[in-house]
Amino acid sequence: MSAGYKAVQWSPAKRRYDLVLGVLLALYLVAFLGVTASLRPEMTVETALLRAFGTAAFLLLHVALAIGPLTRLDPRYLPLLWNRRHLGVTTFLCGLAHGGFALVQFHAFGDRFPLISLLVSNTRFESLPWFPFQLLGAIALAILFVMAATSHDFWLTQLSAPVWKAIHFGGYAVYALLVGHVALGVLQDERALLPALLVGLGMVVLVGLHLLAAARERRLDRALAEAEADGFVAAARLDEIPEGRARVVSLGGERVAVFRHTGTISAISNVCQHQNGPLGEGRIVDGCVTCPWHGYQYRPEDGASPPPFTERVSTFRVRIEGRRVLVDPRPLPAGTRVEPARFDPAIVSPPDRSDFFVGYLPPPPGIPPFLRRVAATLALLFLAVGAGLAASQRALGPGVYDPWTEVTVSGVLRAAPLPALWTAGDSAGIAVPRVVPLVGEGKHAPAPAVMALAGRSVRLTGHWIRRGPAVLFEVARAEAVPAAATPAVASLPLGEQSLVGEVVDSKCYLGVMNPGEGKVHRDCAVRCISGGAPAALVARTRSGERFVLMLVTPAGRPLGPELLDLVAEPVAVRGEVVRLGDLPLLVAEASAFRRLAAAGDPQPSTGARQVPGTWHLALIQAVEK
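Residues numbered from 1 in each chain as written. Predicted model: local features only at pLDDT ≥ 70, side-chain atom pairs only at ≥ 80, totals over all residues. Heavy atoms only, no water.

The next thing to look at is the overall build of the chain. What the chain contains, in helices and strands, is 16 helices and 25 strands. Burial statistics for the chain: of 625 residues in total, 52% are counted as buried. Of the contacts formed within the chain by residues at least 6 apart in sequence, a portion of 69% connects residues at least 24 apart. Surface exposure of the chain reaches about 27,600 Å², of which carbon and sulfur atoms provide 63%. (Helix = DSSP H or I, 4+ residues; strand = E, 2+ residues; numbered from the N terminus. Buried < 20%, exposed > 50% of the residue type's maximum accessible area, 1.4 Å probe, protein only. Contact = heavy atoms within 4.5 Å. Areas by Shrake-Rupley, 256 points an atom, 1.4 Å probe, with all protein chains shown as cover.)

Next up, the structure:
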């Protein structure tokens, strides 16, 4: 709608709004990804993009939710409200990018359809520390999708303003879900204080703004004096209502906007039929009450929009006694014409010096400078938050994985106690351990066609995955070669040990995904282990050093699918440590693993002890020999 009652196309103001929004998003992504690439080069591109878009969506949501109360406190923020739906759609698109990267990275290429994997990989609903936080993010994204899909006015018309408004109040549900998603996810893994401080500060700012706006609004709802004998209520004095503006009063539980215009007084409902905007904070433009939110217009005498528009609001009877304006609190049907009450225009009203913004009209002189200051402040905020969050990310594991460079290695393929290549050779000058565990592409064990060659001499083509002395080989192709001498591989028992640590999928932990551990990575680890990637125990000494032991059963087969419910959690286990060639193994039954209690977890601690540092050094020395 416009002052001339013509359809409003993509105006220069809309383009400027979207340009500023695009620049803000670009500044944030450049800051986040640039600092990440500089300080955390070990992080994969997928993980960096996942985090960049996720944090950007959360920041944009804060801005979107802050605009409403800001406009109640200062009408100069109304231009930000004019195209807020563009901001909401951008927030959804950033969230969609984040969710897409997360779904592919953690759930795709496994033994379950990604969306099914999202629902079943973590079912620890009874434990707050291990609650499936990814589901909270998925629900929030679904709500954002509904809001973005219904953002066009076509849906507002089809659904009605109250229903549409109720749907778009879902932004607050999205915010609550995302706070839970962040608090139960990345904040549990990150050790830096800044992310938690920013989340807390964002909550304080949003809640504070809404409380301030609510306090201001509450003053409008104070009850007026008792009604006159005929039911009319004294609403205001004539000299209290600015020319072309309104005084908003609460009558019978409904807000009424009492407008003064060229010697007449009219009263209509304060609620715009477009998005329930406050008509009483608008202004009469070209003889019509103009809503400050999106410029919808209504004639003050009958509450109807000028043709061809059909929106209508309730009207109220008014009369003037001396300088008092009285209003009948009983609303008339929407669109009912009421003869305006007339008075002597010589009665002085307070001057209206406030700027009034309508998107399809030239902006008042004071608005553009204010908006430039707001845009500059937001630019600095986006840069600072993006760079700060990126810098606060903890250092990741030193794993190495190059999916673009294929290498070949030869040896004897073995299926037990886990798929491995026994070899004494080397590749491109890199010393190859005598026993190399194997994994397939994606979240899978080596392909059946590869394992059909077990017991034979083979040449494998694929990619190295390594983290310190621990290695894996991702097999892309295999071919049998002429029989060669079987490398001598000794099995050295190192005795029973009580260990504590974390069950991980060795493929991601050793380098395919950084970070490849912790709660954030849990769903991916479950899919990898379920698909056949070797499970491993990452144990720690008292001094904090880590070492990796592949898990096998006493029956001589891989141990992993039986432990899916314990993945990524602190566990205690007692089993036999064996050095197979230079590969450390932990031989234990699944029943030997016990979950350690965490804060908020109802399970008691097992009391298992940390592995002594001296034993760790002995193991490393044995491996190095």
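With that settled, consider the sheet that holds strand S10 (residues 324-327). Read across the sheet, 3 strands follow the order S1-S10-S9 without closing on themselves; strand pairing throughout is antiparallel. The open sheet has two edge strands, strand S1 (233-237) and strand S9 (318-321), and neither has a second partner. Looking at each pair of strands side by side, their axes are set apart by 35° on average, direction ignored. Of the pairings in the sheet, the one linking S9 to S10 comprises 4 bridges and is antiparallel in character. Looking at S10, one finds that Ile 320 is bridged to Val 325. (Pairing = 2+ DSSP bridges. Axes fitted to C-alpha atoms, helices over the stretch in contact; angles between N-to-C directions.)

Let's shift gears to the state of the cysteines. In the structure shown here, the tally under the stated rule is 0 disulfides. Looking at Cys 528, it has no disulfide partner, and the nearest cysteine sulfur is the one in Cys 508, 3.9 Å off. (Disulfide = S-S within 2.5 Å.)

Since the α-helix packs 3.6 residues into each turn, any two residues three or four apart lie on the same face. Between its first and last C-alpha atoms helix H12 (residues 367-392) spans 37 Å; for 26 residues at 1.5 Å apiece the expected length is 38 Å, and the two agree. Burial in H12 covers these residues: Ile 367, Phe 370, Val 374, Leu 378, Ala 379, Phe 382, Val 385, Gly 386, Gly 388, Leu 389, Ala 390 and Ser 392. (Expected span 1.5 Å × (residues − 1).)

All right, on to the pattern of salt bridges then. The full count for this structure, using the stated rule, is 28 salt bridges. Salt-bridge contacts for Arg 237 lead to Glu 240; the nearest nitrogen and oxygen are separated by 3.1 Å. Look at Arg 237 and you get partly exposed, because its relative accessible area is 43%. In this structure, Asp 239 and Arg 323 form a salt bridge, with 3.8 Å as the shortest nitrogen-oxygen distance. Within this pair, whereas Asp 239 is found in the loop between S1 and strand S2 (246-251), its partner Arg 323 is found in the loop between S9 and S10, the two being separated by 84 residues in sequence. (Salt bridge = Lys/Arg side-chain N within 4 Å of Asp/Glu carboxyl O.)

Next up on the list: the sheet that holds strand S7 (residues 297-298). On the basis of which strands lie adjacent, the open sheet formed by 3 strands has the order S5-S6-S7 and antiparallel pairing. Bordering the open sheet on either side are strand S5 (283-285) and S7, each of which pairs with just one other strand. The sheet contact formed by S5 and strand S6 (residues 288-290) spans 3 bridges and is antiparallel. Across the sheet, Arg 283 pairs through a bridge with Thr 290, a residue of S6.

Relative to the elements of secondary structure, Ile 265 occurs in strand S4 (residues 264-269). Taking relative accessible area as the criterion, Ile 265 reaches 0% and is therefore assigned buried. Taking C-alpha positions, Ile 265 is 9.9 Å from Leu 326, a pair spaced 61 residues apart along the chain.

Turning to unusual backbone geometry, a few remarks are in order. Look at the link from Pro 307 to Pro 308: it is a cis peptide, with omega at 10°. Counting through the fold element by element, Pro 308 comes out in the loop between S7 and strand S8 (315-316). Between Ala 416 and the following residue, Pro 417, the backbone shows a cis peptide bond with an omega angle of 0°. Of note, Pro 417 is situated in the loop between strand S13 (407-414) and strand S14 (420-422).

What follows concerns the side chain of Asp 505. By secondary structure assignment, the location of Asp 505 is in strand S20 (residues 491-505). Despite its burial, Asp 505 pairs with no opposite charge; the closest candidate is Lys 507, at 7.7 Å N-O. Side-chain polar atoms of Asp 505 contact the backbone nitrogen of Cys 508, separated by 2.9 Å. Setting aside residues up to four positions removed in sequence, Asp 505 forms contacts with His 521, Ala 525, Cys 528, Ile 529 and Pro 534. (Lys, Arg positive; Asp, Glu negative; His and termini not counted. Polar contact = N/O pair within 3.5 Å; in protein donor to acceptor, adjacent residues only side chain to side chain.)

Counting through the fold element by element, Gly 511 comes out in helix H14 (residues 506-512). The class of Gly 511 is buried, set by a relative accessible area of 5%. A C-alpha to C-alpha distance of 7.6 Å links Gly 511 and Gly 397, two positions 114 residues apart in sequence. If sequence neighbours within four positions are ignored, Gly 511 has contacts with Gly 399, Val 400, Tyr 401 and Ile 465.

This part covers the packing of helix H2 (residues 45-73) against H12. The geometry of H2 relative to H12 is characterised by a closest axis approach of 11 Å and an angle of 145° between their N-to-C directions. Crossing angle aside, the handedness with which H2 passes H12 is right-handed. On H12, the residues touching Thr 55, Leu 59, Leu 60 and Val 63 of H2 are Leu 378, Phe 382, Val 385 and Leu 389. Taken together, the residues that form the contact of H2 with H12 break down as 7 nonpolar, 1 polar and no charged. (Left-handed = near helix turned anticlockwise from the far one by under 90°. Nonpolar A, V, L, I, M, F, W, Y, C, P; charged D, E, K, R; others polar.)

This paragraph deals with the confidence of the model for the chain. Taken residue by residue, the chain gives an average pLDDT of 86. The fraction at 70 or more is 90%. Predicted confidence for residues 1-8 stays below pLDDT 50, and this span has 23 contacts to residues more than four positions away or in other chains. A low-confidence stretch, residues 603-625 stays under pLDDT 50, and its non-local contacts, those more than four residues away or across chains, total 46 contacts. (pLDDT = per-residue confidence, 0-100.)

Turning our eyes to something else, we now look at the nonpolar core. If you look at the biggest cluster of nonpolar residues, it comprises 94 residues, and the most contacted ones within it are Tyr 28, Leu 87, Leu 279, Phe 382 and Met 550. At 15 residues, H2 tops the list of elements feeding residues into this core. Not counting chain neighbours up to four residues away, the residues in contact with Leu 87 comprise Tyr 17, Leu 21, Leu 60, Val 63, Ala 64 and Ile 67. Ranked by size, the runner-up nonpolar core spans 22 residues in total, among them Leu 559, Leu 566, Val 577 and Leu 586. (Core = buried A, V, L, I, M, F, W, Y, C linked by side-chain atoms within 4.5 Å.)

It is worth spelling out the pairing of S4 at this point. For S4, a buried count of 6 out of 6 residues is recorded, marking the element as mostly surrounded by other parts of the structure. When strand S3 (residues 254-261) meets S4, the two strands line up antiparallel, connected through 6 bridges. Note on S4: the bridge partner recorded for Val 258 is Ala 267. Hairpin connection of S3 to S4: 2 residues between the antiparallel strands, including Thr 262 at a positive phi of 45°. With 2 bridges connecting them, S4 and S8 associate as antiparallel partners. Within S8, the position partnered with Ile 268 by the bridge is Thr 315.

Now for the packing of aromatic side chains. Going through the model one piece at a time under the given rule, you end up with 8 aromatic pairs. Arranged with centres 5.0 Å apart and planes meeting at 80°, the rings of Tyr 77 and Phe 370 form a pair that is edge-to-face. Here the residue Tyr 77 occupies a position in the loop between H2 and helix H3 (78-82), and Phe 370 occupies one in helix H12, the gap between them amounting to 293 residues. With relative accessibility at 19%, the residue Tyr 77 sits in the buried group. Residue Phe 370 is classed as buried on the basis of its relative accessible area, which comes to 7%. (Phe/Tyr/Trp six-rings, centres within 6.5 Å; stacked < 30°, edge-to-face > 60°.)

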